[in-house]
Amino acid sequence: MEQIGPSKKILLINGPNLHLLGKREPEIYGTTTLNDIIERLTKTAKSHGIELISLQSNHEGDIVDAIGNLGLLCESPIDAVIINPAAFTHTSVAIRDALSAINKPFVEVHLSNVHAREPFRSHSYFSDKAVGVICGLGDMGYDMALTWFLKNLYKINLSH
């Protein structure tokens, strides 16, 4: 596998209730746990010399703090963000502002197709700022987001 410098970092953010994946409404969110997703993405990132930093929080301020602390306030800041804001998708101007402040590319991921659910879920405070939005493809959406960064941000050839 191609390797890049060890200082490359991606922040994986999961919002409220995603720690319940695998148990919470499996008919909507599937049976894969958040730990399964994190382990899989960490392994893929590490094989390309990228550090994946993972955060799950049910608290908006914790997410805002992490984005700032690992972005503008860090000597070796993150390069990109994969975020499943969960319910904060529809409510959090604070997280949107934190992502805008660090000026790093991010991909918004949703396990379910938010546009096929309740009408309020169709509005996102993040989509217009994201380099891409992946929804409705289950936990594979996380892998797709990471693959996009590997190919487009880090220019890693994944054709083998």
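Up top is the structure.
As the structure is a computational prediction, the values presented were derived from the model and not from experiment.

A. Main features of the packing of aromatic side chains. For the structure shown, the criterion picks out one aromatic pair. With a centroid separation of 5.3 Å and 80 degrees between ring planes, the pair formed by Trp-148 and Phe-149 is classed as edge-to-face.

B. Looking closely at the pattern of salt bridges. Overall, the coordinates contain four salt bridges when judged by the stated rule. Residues Glu-25 and Arg-24 are paired through a salt bridge, measuring 3.3 Å at the closest nitrogen-oxygen approach. Glu-25 gets classed as partly exposed once you look at its relative accessible area, which sits at 33%. Taking relative accessible area as the criterion, Arg-24 reaches 22% and is therefore assigned partly exposed. Note that Asp-128 and Arg-96 form a salt bridge whose closest N and O atoms lie 2.6 Å from each other. Here Arg-96 lies in helix 4 (residues 93–102) and Asp-128 lies in the loop between strand 4 (106–110) and strand 5 (132–135), a separation of 32 residues in the sequence. Shared partners join several salt bridges into a network, and the residues in it are Arg-40, Asp-139 and Asp-143.

C. Geometry of the side chain of Glu-108. Within the secondary structure layout, Glu-108 lies in strand 4. Notably, Glu-108 is buried but unbridged: the nearest opposite-charge side chain belongs to Arg-96, and the N-O separation is 8.5 Å. Within the structure, the side chain of Glu-108 is placed 2.7 Å from the side chain of His-110, a separation counted as a polar contact.

D. Expanded view of a nonpolar patch on the surface. Together, Leu-137, Met-140 and Met-144 make up an exposed nonpolar region whose accessible area comes to about 280 Å². Mapped onto the elements of the fold, Met-140 is located in helix 5 (residues 140–152).

E. Local environment of the sheet that holds strand 2 (residues 51–56). Pairing is parallel across the open sheet formed by five strands, whose spatial order is 2-1-3-4-5. Where the open sheet ends on each side, the last strands, each with one partner, are strand 2 and strand 5. Here the average twist between neighbouring strands, direction ignored, is 15 degrees. In this structure, strand 3 (residues 80–84) lies alongside strand 4, joined through three bridges in parallel fashion.

F. Representation of the packing of helix 2 (residues 34–47) against helix 5 within the structure. Their axes nearest at 10 Å, the elements helix 2 and helix 5 cross at an angle of 15 degrees. Taken together, the axes of helix 2 and helix 5 are roughly parallel relative to one another. Relative to helix 5, helix 2 is oriented so that their crossing is right-handed. Only Tyr-142, Asp-143, Leu-146 and Leu-150 of helix 5 make contact with helix 2, whose side of the interface consists of Ile-37, Arg-40, Leu-41, Thr-44 and Ala-45. Partitioning the contact of helix 2 with helix 5 into residue classes produces six nonpolar, one polar and two charged.

G. Quick look at the nonpolar core. Counting residues in hydrophobic clusters, the biggest one holds 26 residues, and the most contacted among them are Ile-10, Ile-82 and Tyr-142. Within the residue set of this core, elements represented by two or more residues are strand 1 (9–14), helix 2, strand 3, strand 4 and helix 5. Counting 18 residues, the second largest nonpolar core, distinct from the first, contains Leu-11, Ile-13, Ile-63 and Ile-78.

H. Highlighting helix 4. Residues of helix 4 that are buried include every one of Ile-95, Arg-96, Ala-98, Leu-99 and Ile-102, and no others. Viewed along the axis of helix 4, the buried residues span an arc of 160 degrees, placing them on a single side of the element. For helix 4, the secondary structure elements touched by its buried residues are helix 3 (60–70), strand 3 and strand 4. At the N-terminal boundary of helix 4, the capping side chain belongs to Ser-92, with an oxygen 2.9 Å from the backbone nitrogen of Ile-95. Positive phi appears at Asn-103, one or two residues downstream of helix 4, with a value of about 55 degrees.

Rules behind the numbers
Residues numbered from 1 in each chain as written. Predicted model: local features only at pLDDT ≥ 70, side-chain atom pairs only at ≥ 80, totals over all residues. Heavy atoms only, no water. Phe/Tyr/Trp six-rings, centres within 6.5 Å; stacked < 30°, edge-to-face > 60°. Salt bridge = Lys/Arg side-chain N within 4 Å of Asp/Glu carboxyl O. Buried < 20%, exposed > 50% of the residue type's maximum accessible area, 1.4 Å probe, protein only. Helix = DSSP H or I, 4+ residues; strand = E, 2+ residues; numbered from the N terminus. Lys, Arg positive; Asp, Glu negative; His and termini not counted. Polar contact = N/O pair within 3.5 Å; in protein donor to acceptor, adjacent residues only side chain to side chain. Patch = residues over 30% accessible without salt bridge, like charges linked within 9 Å, V, L, I, M, F, W, Y side chains within 5 Å. Areas by Shrake-Rupley, 256 points an atom, 1.4 Å probe, with all protein chains shown as cover. Pairing = 2+ DSSP bridges. Axes fitted to C-alpha atoms, helices over the stretch in contact; angles between N-to-C directions. Parallel < 35°, antiparallel > 145°, perpendicular 65-115°, else oblique. Left-handed = near helix turned anticlockwise from the far one by under 90°. Contact = heavy atoms within 4.5 Å. Nonpolar A, V, L, I, M, F, W, Y, C, P; charged D, E, K, R; others polar. Core = buried A, V, L, I, M, F, W, Y, C linked by side-chain atoms within 4.5 Å. Arc of directions from axis to C-beta.

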